[in-house]
Amino acid sequence: MSESIELLRLFESDSRMNKFQDLFKQLICFLSEENIEYVIIGTVAYSEYAPPRATTNINFMISENDCCKLESVLKENNIDFIWNVYQQLIIAVKDDSHDTKKYPLAFSFQSAHKGITLSQPIPKEIFGVADVPVASPEILVALWCLAVSNGYSKSYYDAQMMIKLKLADVDR
């Protein structure tokens, strides 16, 4: 069985996916209560505009100040997280599945890059949560171009797809 099919089968598991969706809903409520401004980026945002792809990670972009605030609140509440080599704050979703090691579910947060704003997100419904702010296709392309300049070549194809599908107005 191919790795892609294996990953898709994981999401057929009601309990694992339901837990991920429930945690997402709780996280959105938490961010709102703490007045942490965010936008969804990455594969989940991409899938709002282009053909959807499977993912085990939901990426958030927040301001640098809110990143410090989030870290502080997580520490106060004894919620485990790590900072990875890409300067992203990662909250791993713990579950009893043997698939957790191969396909860990996670929420990742990164600071907004200089020159990229959190303003003008597009409200979307994600996992039954209405009005979740999602980065526009143009912001996603800009983020992916920054990622490519930092050596993450896979992002080139994401940016290229958005442009080819005419979903991002790169001339703006």
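The residue count restarts for each chain, going from 1 along the sequence in the order it is written. Restriction of local features to residues with pLDDT of at least 70 applies here, the model being predicted, together with a cutoff of 80 or more for giving and counting side-chain atom pairs; totals for whole chains, interfaces and linings are based on all residues. Hydrogen atoms and water are omitted, and side-chain values are computed over all heavy atoms in the structure.

Here we come to the confidence of the model for the chain. Mean pLDDT over the chain works out to 81, with 84% of the residues at or above the 70 mark. What pLDDT reports is the predictor's confidence in each residue, on a scale of 0 through 100. Each helix is a run of DSSP H or I of at least 4 residues and each strand a run of E of at least 2, with the numbering of both proceeding from the N terminus. Across the chain, strand E7 (residues 129-134) holds the top mean pLDDT of 94, while helix H1 (residues 3-10) sits lowest at 52.

Let us now look at the packing of helix H3 (residues 42-49) against helix H5 (residues 137-149). When two helices pack together, their arrangement is captured by the angle between the axes and the distance separating the axes. Axis definition: a line fitted to C-alpha atoms, over the contacting stretch in the case of helices. Angles run 0 to 180 degrees between N-to-C directions. Direction vectors running N to C along H3 and H5 enclose 140°, while the axes themselves pass 10 Å from each other. As the angle between them shows, H3 and H5 are arranged oblique. Where H3 crosses over H5, the two elements pack in a sense that is left-handed. Across the interface between the two elements, Gly-42, Ala-45, Tyr-46 and Tyr-49 from H3 touch Pro-137, Leu-140 and Trp-144 from H5. The residue classification treats Ala, Val, Leu, Ile, Met, Phe, Trp, Tyr, Cys and Pro as nonpolar and Asp, Glu, Lys and Arg as charged. All others, Gly included, are polar. Split into classes, the residues belonging to the contact of H3 with H5 amount to six nonpolar, one polar and no charged. In what follows, roughly perpendicular refers to angles from 65 to 115 degrees, roughly parallel to angles under 35, roughly antiparallel to angles over 145, and oblique to any angle outside these ranges. We call a crossing left-handed when the near helix sits turned anticlockwise from the far one by less than a right angle, and right-handed when that turn is clockwise. Pairs of residues are marked as contacts when any of their non-hydrogen atoms sit within 4.5 Å.

Working definition of a nonpolar core: buried Ala, Val, Leu, Ile, Met, Phe, Trp, Tyr and Cys residues. They are joined through side-chain atoms within 4.5 Å. Exposed residues in this analysis have more than 50% of their type's maximum accessible area, buried residues have under 20%, and partly exposed residues fall in between, with area computed by a 1.4 Å probe over protein chains only. Among the nonpolar cores identified, the biggest contains 47 residues, and Phe-24, Leu-31, Ile-40, Phe-60, Leu-70, Phe-107 and Phe-109 are the most heavily contacted of them. Among the elements that take part in this core, helix H2 (residues 14-33) stands out by supplying seven residues, more than any other. With sequence-adjacent residues up to four places away left out, Phe-107 is seen in contact with Phe-20, Leu-23, Phe-24, Leu-27, Asn-57, Ile-58, Phe-60, Leu-89, Ile-90, Ile-91 and Val-93.

Once that is clear, we can look at the environment of Lys-94. Relative to the elements of secondary structure, Lys-94 occurs in the loop between strand E4 (89-92) and strand E5 (106-111). Overall, the relative accessible area of 55% leaves Lys-94 in the exposed class. In sequence terms Lys-94 and Phe-20 are 74 residues apart; their C-alpha atoms lie 9.7 Å from each other. Every residue in contact with Lys-94, bar those within four places of it in the chain, is listed here: Lys-19 and Asp-80.

Our focus in this paragraph is helix H4 (residues 64-76). The span one expects for a helix is its residue count, reduced by one, times 1.5 Å. In this model H4 runs 19 Å from its N-terminal to its C-terminal C-alpha over 13 residues, within 8% of the 18 Å that 1.5 Å per residue would give. Three or more residues of H4 are buried, namely Asp-66, Cys-67, Leu-70, Glu-71, Val-73 and Leu-74. Taken around the axis of H4, the buried residues stretch over an arc of 165°, which confines them to a single face. When the buried face of H4 is taken as reference, the exposed residues oriented beyond 90 degrees from it are Glu-64, Asn-65, Lys-75 and Glu-76. The arc in question is the one spanned by the directions pointing from the helix axis to the C-beta atoms.

The buried count for strand E2 (residues 57-62) comes to five of six residues, which makes it a mostly enclosed element. Pairing of strand E1 (residues 38-41) with E2, which is carried by four bridges, proceeds in the antiparallel orientation. The partner of Ile-41 across the bridge, within E2, is Asn-59. Here, strands pair whenever DSSP counts at least two bridges between them. In the sheet, E2 pairs with E5 via six bridges, with the strands oriented parallel. Paired with Asn-57 across the strands is Ala-106, a residue of E5.

The subject of this paragraph is H5. Over its 13 residues, H5 extends 18 Å from the first C-alpha to the last, a length consistent with the 18 Å expected when each residue adds 1.5 Å. Turning to H5, its buried residues number three or more, namely Pro-137, Ile-139, Leu-140, Val-141, Leu-143, Trp-144 and Ala-147. Buried-residue contacts for H5 involve E1, H3, E2, E5, strand E6 (122-126) and helix H6 (154-164). Once H5 finishes, Gly-151 follows within two positions and takes phi at roughly 95°, a positive value.

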